[in-house]
Amino acid sequence: MTVVYALYGVAALLALAPIAVFLGAAPRASSIIYGACLIIASGLGANALLALFGHADASGVTLPLGLPWLGSHLRIDPLAAFFLVVVNLGGAMASLFALGYGRHEETPQRVLPFYPAYLAGMNLVVLSADAFTFLVSWEFMSLTSWALVIAHHRDRENLRAGYVYLLMASFGTLALLLAFGLLAGSNGNYAFDSIRAAHPSAGLAALVLILVLVGTGSKAGVVPLHAWLPLAHPAAPSHVSALMSGVMTKVAVYGFIRIVFDLLGAPDWWWSILVLAVGGITAVMGVLYALMQNDLKRVLAYSTIENIGIIFAALGLALAFKAEGLFLAAALALTAGLFHVFNHSLFKSLLFFGAGAVLNATGERDMDHLGGLIHRMPKTAFVFLVGCAAISALPPLNGFVSEWLTFQAILLSPQLPSWGLKLMIPTVGALLALSAALAGACFVRAFGISFLGRPRTPAAASAHETDGLSLAAMFVLAVLCLIAGIVPGFFIDALAPVTQAVIGVNMPHQAGVQWLSIVPIAESRSSYNGLLVFVFVFLSGSIGAFAIHRFASDKSRRGPAWDCGYPDPSSITQYTASSFAQPIRRVFGTTVFRAREIGEMPPPGGMGPARLTVQVHDLIWEGLYVPIADLVGIAAERLNVLQFLTIRRYLSLVFAALILLLLVLAIWQ
Amino acid sequence: MHGLQFDVAHLLAGSLVLVSFVMLYQDRLYALLNVYALHALVLALSVAWQAFIQQAPHLYVTAAIALVFKAIVIPVVLHRIIVKLGIHREIETVVSVGLTMLGGIALVALSMVVMLRVTAGADPLAREDLAFALSVVLMGLLVMVTRRNAVGQVVGFMSLENGLVLAATGAKGMPLVVEISVAFSVLIAFIVIGIFLFRIRERFDTVDMQALDRFRGERR
Amino acid sequence: MIRDLALQGSEMLLVLLLSPLLTGFVRKVKARLLRRQGPPLLQPYRDLARLLRKDVVLAQNASWLFRAIPYIVFACTWVAASLVPTFSGGLLFSWSADLIAIIALIGSARFFQALAGLDVGTAFGGIGSSREVMIASLAEPAMLMIVFTLALIAGSTQLSTMAAFMSSSEVGLRVSLGLGLIALVMVAIAENARIPVDNPATHLELTMVHEAMVLEYSGRHLALIELSSFLKLLLYVSLIGCLFVPWGTATPDADARELLFGAGFYVGKLAVAGFLLAVFETSIAKMRVFRVPEFLGAALMLALLATLLRFVSGSF
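Residues numbered from 1 in each chain as written. Chains lettered and ligands numbered in written order. Predicted model: local features only at pLDDT ≥ 70, side-chain atom pairs only at ≥ 80, totals over all residues. Heavy atoms only, no water.

(A) Inspection of the overall build of chain A at higher detail. In terms of helices and strands, chain A carries 26 helices and five strands. Against the 2.2 N^0.38 benchmark of 26 Å for 669 residues, chain A shows a C-alpha radius of gyration of 26 Å, consistent with a compact globule. Dimensions of chain A, computed from the C-alpha atoms along their principal axes, are close to 95 × 70 × 60 Å. Going through the 669 residues of chain A one by one, you find that 58% of them count as buried. (Helix = DSSP H or I, 4+ residues; strand = E, 2+ residues; numbered from the N terminus. Rg over C-alpha atoms; globule rule 2.2 N^0.38 Å. Buried < 20%, exposed > 50% of the residue type's maximum accessible area, 1.4 Å probe, protein only.)

(B) Structural context of the overall build of chain C. Counting secondary structure elements, chain C contains 11 helices and one strand. When the helices and strands of chain C are read in sequence order from the N terminus, they spell out α-α-β-α-α-α-α-α-α-α-α-α. Over its C-alpha trace chain C gives a radius of gyration of 19 Å, about what one expects of a compact globule, namely 20 Å for 316 residues. C-alpha extents for chain C along the principal axes are approximately 60 × 45 × 45 Å. In chain C, buried positions account for 67% of the 316 residues. For chain C, contacts bridging at least 24 residues in sequence account for 81% of all contacts bridging at least 6. About 10,500 Å² of surface is accessible on chain C, with carbon and sulfur atoms providing 68% of the total. If you average the places of the 24 positive and of the 20 negative side-chain charges in chain C, the two averages end up 8 Å apart. (Contact = heavy atoms within 4.5 Å. Areas by Shrake-Rupley, 256 points an atom, 1.4 Å probe, with all protein chains shown as cover. Lys, Arg positive; Asp, Glu negative; His and termini not counted. Charge placed at Lys NZ, Arg CZ, Asp CG, Glu CD.)

(C) Layout of the packing of helix α17 (residues 398-411) of chain A against helix α4 (residues 99-119) of chain C. Look at α17(A) against α4(C): their axes get within 11 Å of each other, and the N-to-C directions meet at 140°. Taken together, the axes of α17(A) and α4(C) lie oblique to each other. Crossing hand, α17(A) versus α4(C): right-handed. Residues Phe400(A), Trp404(A), Phe407(A) and Gln408(A) of α17(A) form the contact with α4(C), whose participating residues are Ile100(C), Ala101(C) and Ala104(C). Broken down by class, the residue content of the contact of α17(A) with α4(C) amounts to six nonpolar, one polar and no charged. (Axes fitted to C-alpha atoms, helices over the stretch in contact; angles between N-to-C directions. Parallel < 35°, antiparallel > 145°, perpendicular 65-115°, else oblique. Left-handed = near helix turned anticlockwise from the far one by under 90°. Nonpolar A, V, L, I, M, F, W, Y, C, P; charged D, E, K, R; others polar.)

(D) Quick peek at empty space enclosed by the protein. Counted under the stated rule, the structure contains 12 cavities of 30 Å³ or more. When its volume is computed, the largest cavity comes out at roughly 250 Å³. At the level of secondary structure, the elements contributing two or more residues to the lining of the largest cavity comprise α17 and α18 (419-451) of chain A together with α4 and α5 (123-154) of chain C. Looking at the lining of the largest cavity element by element, the count peaks at seven residues for α4(C). Reported here for the second largest cavity is a volume of approximately 100 Å³. Of all the elements in the fold, those that place two or more residues in the lining of the second largest cavity are α13 (296-324), α14 (327-362), α16 (378-391), α17 and α18 of chain A. Among the elements that make up the lining of the second largest cavity, the one with the highest residue count is α13(A) (three residues). Residue classes in the lining of the second largest cavity are distributed as seven nonpolar, four polar and two charged. (1 Å grid on protein atoms, 1.4 Å probe; cavity = no way out; pocket = protein on both sides within 12 Å on 5 of 7 lines; lining within 4 Å. Points joined across faces, edges and corners; volume = space filled by probe spheres on them.)

(E) Spatial organisation of the interface of chain C and chain A. Each side of the interface is counted separately: chain C has 77 residues, and chain A has 82 residues. If you sort the residues of chain C by the area they bury against chain A, Trp95(C), Phe111(C) and Phe311(C) come out on top, with a joint share of 11%. The tally of links from chain C across to chain A stands at one salt bridge. Here chain C is connected to chain A by 24 residue pairs in polar contact (both at pLDDT 80 or more). (Buried area = accessible area lost by both parts, 1.4 Å probe. Salt bridge = Lys/Arg side-chain N within 4 Å of Asp/Glu carboxyl O. Polar contact = N/O pair within 3.5 Å; in protein donor to acceptor, adjacent residues only side chain to side chain.)

(F) Layout of the side chain of Ser470(A). All names here are of chain A. Within the secondary structure, Ser-470 is located in helix α20 (residues 468-486). A relative accessible area of 1% places Ser-470 in the buried class. Once you skip the residues sitting within four places of it in the chain, Ser-470 turns out to touch Phe-97, Gly-100 and Tyr-101.

(G) Highlighting the confidence of the model for chain C. With 98% of its residues at a pLDDT of 70 or more, chain C has an overall mean of 89. This prediction of the complex comes with two scores: 0.91 for pTM and 0.95 for ipTM. (pLDDT = per-residue confidence, 0-100.)

(H) Focus on the packing of α4(C) against α5(C). All names here are of chain C. Across the interface, α4 lies against α5 with an axial gap of 9 Å and an inter-helix angle of 170°. When the axis of α4 is compared with that of α5, the two are roughly antiparallel. Residues Leu-99, Ile-100, Ile-103, Gly-107, Arg-110, Ala-114, Gly-117 and Leu-118 of α4 pack against Gly-125, Gly-126, Ser-129, Glu-132, Val-133, Ala-136, Glu-140, Met-143, Leu-144 and Val-147 of α5.

(I) Geometry of the packing of aromatic side chains. Scanning the model with the defined rule gives 30 aromatic pairs over all chains in all. Taking the centre distance of 5.4 Å and the plane angle of 65° together, the rings of Phe134(A) and Phe180(A) count as edge-to-face. Of the two residues, Phe134(A) is situated in helix α6 (residues 131-149) and Phe180(A) in helix α7 (residues 156-184); the sequence distance between them amounts to 46 residues. For the pair Phe134(A) and Phe180(A), a shared accessibility class is recorded, and that class is buried. Taken together, Phe134(A), Trp138(A), Phe180(A) and Phe192(A) form an aromatic cluster joined through their ring pairs. Positioned over the ring face of Phe290(C) is Arg586(A), at 3.9 Å from the centre of the ring. (Phe/Tyr/Trp six-rings, centres within 6.5 Å; stacked < 30°, edge-to-face > 60°. Lys NZ or Arg CZ within 6 Å of the ring centre and 35° of its normal.)

(J) Examining the environment of Ala461(A) more closely. Residue and element names in this part refer to chain A. Tracing the chain through its elements places Ala-461 in helix α19 (residues 458-461). The spacing of Ala-461 and Phe-347 is 114 residues in sequence and 27 Å in space, taken between C-alpha atoms. Once residues lying within four places of it in the same chain are set aside, the contact partners of Ala-461 are Arg-376 and Pro-455.

(K) Seen up close, α7(A). The first and last C-alpha atoms of α7(A) sit 42 Å apart over 29 residues, in line with the 42 Å expected at 1.5 Å per residue. Within two residues after α7(A), Gly185(A) carries a phi angle of roughly 75°, on the positive side. (Expected span 1.5 Å × (residues − 1).)

(L) Representation of unusual backbone geometry within the structure. Note the cis peptide between Val223(A) and Pro224(A), where omega equals 5°. Geometrically, the link from Pro395(A) to Pro396(A) is a cis peptide bond, its omega value of 0° lying close to zero. Looking at the secondary structure, you find Pro396(A) in the loop between α16 and α17. Positive phi is not limited to glycine here, since Ala393(A) has a value of about 60°. What makes Ala393(A) buried here is its relative accessible area of 10%. Although it is not a glycine, Ala193(C) sits at a positive phi angle of roughly 55°.

Next comes the structure, spelled out in C-alpha cells:
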C-alpha cells in the first residue's frame, strides 16, 4: 500500500504545477504552493519511513503509462525507501524555508510551477522499477531543475550556467540510456526484475559500469564531469540550490547503487579500484576548488563535490568487499556511505539555507563583501556554525560518525587479496583524511570571513535577521545533525534493511549496545559513543565556566582591539577570503591549479598603486572541456557545408543513405 | 628465522629506506653529504647484522669496507672537493620537495609490488629485504634525476650502489670477490668523476648541469 | 566500578594539574641550556592564577562566540587528554572515544581556535588562523595515517587496547612502528606549536601562528587557552609514552602500590620527554613558514608508507 500512497503524493505534487501557473504572481501564491509542498513532502517522507521500517510491500504497482507493452513499474523496496526519506526530508525542509524566503522572490511565476514538478520528478526516479520510467523521470527531474536554474534569467551568468547544465545533463542521460540498452539486451526487457534475473557477461558488465559511472557520476558531480555543478547550483534560488546539492546528487547516487549493486549482480574486483580512485580524487579536488572560490554558494557547491567523492569512495570499498565475499565488511562500508548520504543532505541543505538567508539580508554572495554578520544575524550565524561544524566532521555531530565508519571500513581492508586494492586503499584513506582536514579549513574560512570580523561593505553592516519560518527550517536541520551525531545507533539500525536488501547481510544490531554506543565490528576492536562525548564536553565546559566565574573573576569590559598596538579602523585591513586561503593555495594550488601570485610594485617615487594579481587556472576545464568544445566547433564548421548544397546533392545524400542501410541489412544476419 | 632477528633485519633495511627519504628531502650540499654518510653507516650495520644471523664472517669485511670507505672516506673527500671547487652550497631541485617525496612513495610501492609478486615462493626475510633494497636503488636513481648539481648526482649514484649491496647481502651467500670488485669499480668511477669535475670547473667555471647544457651546441 | 571511576577521575585531575608543570620544566631546561637562570618551575601556575584574577578586556566588536570559544577549546582538549592512558591502562570511558575520536576532538578545538582568530577582524588574527589551518591540513592526515598504522598492528583503534598490545610481548620491532614513531614526533611538534614549526615564545607577527590567533584574548579567557595548550602538550607526550614507551604503566587490575609505581614511572617519562624536547628546540632554528608544509608533507609520506607496508605484508 505504501507505494500507492507515494503515487498519490506524487500526483498531488504534479497537480500543483498547473495550479501554480494559474495562480501566477498572486500575492499569496508562494505561501500556498510551498505550504502544500511542505505538507505533501512530509506525508511522502512519513510514508517512506513506514516502508523502511518493514511495512514495504515486495510487489509493486504497474501503471498503464509509457511503453505500451511494458507499462510503468513502480515499487518501494528498502533501498528506495531510504532514498525517499532523504528526498522528502530535503523537500519538506526546502519548502519550509521557502515559505519565508520565497516572499522575496521577484518573479515567482518562473519558480513556482517548476518546484513541485521537480520534487515529483525526484520521487519518481526513486520509485521507478523499470528502465523506461527511470529515464523519463530522470530527464523530467533534469528539465525542471534546469528551468529553476534559469529562473533569474536577467543575469547572463545564470543563462550560461543553464546551458552548461543542459549539455552535461543530456550527456549523462545518453550514457544511462546506453547502459540500460545494454542491460536490457535485444529483447527489450526493461523491467528491473528481468534485468536482475539476466546475468550479463563480464565484458558487458564492465561496459555498463563505466557508462553508469559516467551517467550518474556527472549528475552527482564526480571529477572530471563536475563542471556544471558549481555553475548551476549557485545560479538557482537558494532553496532550489539546497535541493540540487543536498538531494538531487543523492538521487544520482541512488541510481549508481541501484544499477551497480543491485542490477549488475556479482562485481569484478577491479570495478572497486575504478570507483575508489574516482572517489578519492573527487574528494580532494572538490575541497581544493572550494578553497579557491570567493562566492559563498560556489564554495558550498564545490564542497558538495567533495562529499560525493567521500560517498563514492565508501561505495567503492563496499564493492571491493562484496566482490571478495566479505559481506559483513561490505555492509559496514555501504552503511558508512549511506549514512553520509543522509548526513550530507542535512548539513548541505542547512548551509545553503544559511547562504540564502545571507543573500536575502545583504544582497551579496561574495564573501569579500560580507563580514560581521554574527552581530546583525545572530540566530542565522548560530545554525550556520552548527552546519559548518557538522560538515567539518567535528565530534559529537553527525559528520564525524560517517567519517569514523568509513575509516573503520578502511581498517578492515588488508584482508583483500588484490595487489591493486592493497595499494589503492591506503592512498584513498590518505586522500579522504586530507580532504577532511581541508574541509575544516574551508569552513573556518566560509564562516569566519562571512560572519565574523568587521563588515566590509555597507550592505553587510545593515543586514537584518532572517524571518522565523526560514530559521525554523534551519533549526530543525541543525537539531537533526546533533541527534544523528549523538545517537547514531538508531540510524545505523534503520539502514540495516537497506544493506540486507543490497548486500545480503546487515551490521550488528546497535540498539542493544550499552550506553547507546555504536560497535560496528566487535567491541574489542572499536566503539564510539557520541552521547557520552557530548555529555563530557558539555560538562567539562560548564564546570570550567562555573568554577572560574565563581572562584576567579567574572568581570569584563570593552575596549578597542589590541592588534599589537596598531589598531586600524578601516575594515579592509582584515583578512579577505582570498588572503585566508593564500597559504593553502601556495602549498597545494601551485601544482593543482598553477596558482601564481604576481605583484607589481610602482618604481621608486611613482604615484601609482601596487597591484597583486592571483592567477588560478581550472586545469580540468582548460584541458578537457575547452578542447572538446573546440572540436565540436570545428566539426560543426565543417558540417555546415551541408546547409548550402544544391537539390541534386541533397537527393544524392538521401539515395546514398538508403543504399547504405539496405547493404547493412543484406550483410548483417 | 622469525622473531627478534627477523624484526631487527627488517628494521635496519627499513631504516635504509627511511634515510633514502631523508636524502630526497635535503636541499643543501653539506647536509646531503651528512645524510649519505648516515646512509652508509646504516648499510654497514645492516650488513653486519646479516653477517651475524647468516653466520657468514666474510660479510663482516663488507660491513667494514662500507663503514670505512663509504661512511668516512668518501664524504670527507667530497667535502674537500666542494670546498676546493667553491660550489654554491644550495642545490636547486628540479621539482618541488613534496612532489619528489610523493615520487619516492610511489617507487617504494612499485618495488613492493614487483618484488613480492615475482619472488612468491622464496624465503620471506630475503624477499622483503630485496623489496627494500630495490626501493633504495630506485630512490637513488630518483635523487640523480631530480638534482641539478653534479655532486648531488654523484651522491645519488653512491646511494644506488648501497642499495645493490643491501640486495646482495640479503640474498644469502654473496662472495667477497663480488663485493671487492664492485667497490673497486665504484672507486675508479669515483676518481674519474672527480677528475672530470675538476676539469669541468676549470673550463666552464661552474658545475651546474643546466648552465653546462648551454654549451653543448657550441661546437657547431 | 567505584575504583574504576576513581581512577578515571584521578586521571582527569592529574592531567589538569601536571600539564603546567611539564611546560614549566621545558622552559626551565631551555633556559638552562642557553645559560640563563630561567623562570621557576612553578611559574606557569602563577601565570594562570594571575590571569584568572584579571578582568577580561574585549574588543568592541568581539562577539558571543569569541567569549564562548575558550571554554569550548578547554572542554574539548581536557576531554581528549583525559582519555589518553597516563600511569594506568584501562580507563573506564576509553571505549566511548577511540584514538580517531581523540584526534577529532583536538581538531574541534583547533577549528574553534581558528574562528576566534578571525572574530575581531584584525590582520594578526587572520595570519594566525590561515597559517594554522594550513598546518592542520597536513598534520591531521599524517596523524590519521599513524592511527591507521597502529590500528593495523594492534588490531583495534581503542587507545587502551593499543597500549595494552604495545606493552605485551606480541609486538616486535616493526619497521612500520619505527616510521610511525618518527612521523608522530614530527606531527606532535607541529601540533604543539614548537620550534621548528612555530615559536611558542615569540611576539613578532612574521613568526607567529598560535600566538597570533589568541592575540586578542586576556584575563580568564587567555588562562583557559594557555591551559589548553599545556594540556595538548601533555596529551601528545602521554600518547607517545603509552604507545612507544609502554613499560611501567600499571595494568587495569593493579593494586595501590603498583599504581604508585606507575605514577612514578609516568612522571619520569614526562621528565625525559620534556628534557628531550627542550634539547631539540634549542638545537635547531625555526623553519620559514613555507618550509613547514614540506616538513609535514614528509611526516605524511612516512605515515602513508608505514600504512602501505602494513597493508602489503603482516610482518612489516
